[in-house]
Amino acid sequence: MGEDGKLYIVREEILSDSIKKTIKVKELLESGKAKTINEAVKQVGISRSAFYKYRDYVFPFSKFSKGKIITFSMVLEHMPGVLSSILDVVAKERGNVVTINQSIPSMGVASVTISIDTQYMETSIEDFIEALSKQPGVRKIEVLGE
């Protein structure tokens, strides 16, 4: 958090090892793969003091997005079936489409904005975004907000 309590979304690859390991410790504890903090920090290879320093400040994005409406912006290639494959992924993961807005294709691509209710989704938002980005014809995807 910043000085004024702001929250930021950052990509995992820029996080320090201590923060990544803190997240892993929290995952181990939450999943029950480790029973105590001591056990979890030993498994991950981080000191207890480092864990306590960061634990109240790092959370996976999915913690804040479960049961909310998330809006995605995508750039899709203008070819048959691309949007349909996106909607198939949404349905498979039990997301509920709230709105879809698509621009007229230009230079072989179209911009699409989709708002999805995540209430019944069982997969994490991170895995959901990964599944969407792997669909043929998806050039870019980003979360606009919730």
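Since the model is a prediction, treat every value here as computed from it, not as a measurement.

Visitor: How would you sum up the packing of helix α1 (residues 17-31) against helix α2 (residues 37-44)? Please name residues and give values.
Guide: Look at α1 against α2: their axes get within 9 Å of each other, and the N-to-C directions meet at 130°. Judged by the angle between their axes, α1 and α2 are oblique. Crossing hand, α1 versus α2: right-handed. Seen from α1, the contacting residues are Lys21, Lys24, Val25, Leu28 and Leu29; seen from α2, they are Ile37, Ala40, Val41, Gln43 and Val44. Considering only residue class, the contact of α1 with α2 consists of 7 nonpolar, 1 polar and 2 charged.

Visitor: Could you give an account of the side chain of Asp117, with specific residues and numbers?
Guide: Examined against the element boundaries, Asp117 turns out to sit in strand β3 (residues 109-117). Looking at Asp117, the relative accessible area reads 17%, which means it is buried. Of note is the side chain of Asp117, whose polar atom sits 2.9 Å from the backbone nitrogen of Gln119.

Visitor: So what's going on with the pattern of salt bridges? Residues and values would help.
Guide: Across all of its chains, the model carries 7 salt bridges by this definition. Of the charged contacts, one joins Lys134 and Glu130 as a salt bridge, the two residues approaching to 3.7 Å between their closest N and O atoms. Salt-bridge contacts for Glu142 lead to Lys140; the nearest nitrogen and oxygen are separated by 3.9 Å. Judged by relative accessible area, which is 37%, Glu142 ranks as partly exposed.

Here is what the cut-offs are and how they apply
- Residues numbered from 1 in each chain as written.
- Predicted model: local features only at pLDDT ≥ 70, side-chain atom pairs only at ≥ 80, totals over all residues.
- Heavy atoms only, no water.
- Axes fitted to C-alpha atoms, helices over the stretch in contact; angles between N-to-C directions.
- Helix = DSSP H or I, 4+ residues; strand = E, 2+ residues; numbered from the N terminus.
- Parallel < 35°, antiparallel > 145°, perpendicular 65-115°, else oblique.
- Left-handed = near helix turned anticlockwise from the far one by under 90°.
- Contact = heavy atoms within 4.5 Å.
- Nonpolar A, V, L, I, M, F, W, Y, C, P; charged D, E, K, R; others polar.
- Buried < 20%, exposed > 50% of the residue type's maximum accessible area, 1.4 Å probe, protein only.
- Polar contact = N/O pair within 3.5 Å; in protein donor to acceptor, adjacent residues only side chain to side chain.
- Salt bridge = Lys/Arg side-chain N within 4 Å of Asp/Glu carboxyl O.

Scope: geometric values only; no functional claims are made or implied.
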